[in-house]
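# Breakdown of the fold
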Amino acid sequence: MGLLKIKVNNQKDKLLCAVLADRVWRTIDVKEGVESQTGITVVEQRLFVGGEELPNRERLCSLFPETQDDISLTLVRRPQEQAKWMAQVLEFGLRLREA
């Protein structure tokens, strides 16, 4: 399937990092690569292309045509409080309803 060169920019179009990704990766895999390079946790990240947010579970091969080798994404960082709650939901799931 091939590799994608993904440039991840902030909202001011400043390059944060670049990730070399396999097309069978999911968006969540790209976020893990971004986290390893920038320290921005996966739950803090929202990745966009052309104004559309990329779903975590979607494979890159279904989002980008094979003719496209270079991708530029915009990372929007969630507020820390929101990211904290999302992390708790991911970790504790339905047990939070008992809190």
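As a reminder, the structure under discussion sits directly above these lines.
A brief report on the enclosed structure follows.

## What to know about the environment of Pro65
With respect to the helices and strands, Pro65 occurs in the loop between α2 (60-63) and β5 (70-77). For Pro65, a relative accessible area of 43% corresponds to the partly exposed category. C-alpha separation for the pair Pro65 and Arg23, spaced 42 residues apart in sequence, amounts to 9.7 Å.

## Quick notes on the environment of Thr38
Structurally, Thr38 is set in helix α1 (residues 27-38). According to the relative accessible area criterion, Thr38 is partly exposed, its value standing at 28%. Through-space distance from the C-alpha of Thr38 to that of Cys17 is 7.2 Å; in sequence the pair is 21 residues apart. In contact with Thr38, other than residues within four places in its own chain, are Leu16 and Cys17. A distance of 3.1 Å separates a polar atom in the side chain of Thr38 from the backbone nitrogen of Ile40.

## Re the side chain of Arg23
Here Arg23 is to be found in the loop between β2 (15-22) and α1. Look at Arg23 and you get buried, because its relative accessible area is 1%.

## Brief notes about the pairing of β2
As paired elements, strand β1 (residues 3-9) and β2 share seven bridges and run antiparallel to each other. Counted as the bridge partner of Asn9 is Leu15 from β2.

## Thoughts on the sheet that holds strand β3 (residues 45-49)
The strand order across the open sheet built from five strands is β2-β1-β5-β3-β4, with neighbouring strands paired in mixed fashion. Of all strands in the sheet, those bounded by a partner on one side alone are β2 and β4 (52-53).

## Considerations on unusual backbone geometry
Phi is positive for Asp13, which is not a glycine, with a value near 65°. With respect to the element layout, Asp13 can be found in the loop between β1 and β2.

Criteria and cut-off values
Residues numbered from 1 in each chain as written. Predicted model: local features only at pLDDT ≥ 70, side-chain atom pairs only at ≥ 80, totals over all residues. Heavy atoms only, no water. Helix = DSSP H or I, 4+ residues; strand = E, 2+ residues; numbered from the N terminus. Buried < 20%, exposed > 50% of the residue type's maximum accessible area, 1.4 Å probe, protein only. Contact = heavy atoms within 4.5 Å. Polar contact = N/O pair within 3.5 Å; in protein donor to acceptor, adjacent residues only side chain to side chain. Pairing = 2+ DSSP bridges.

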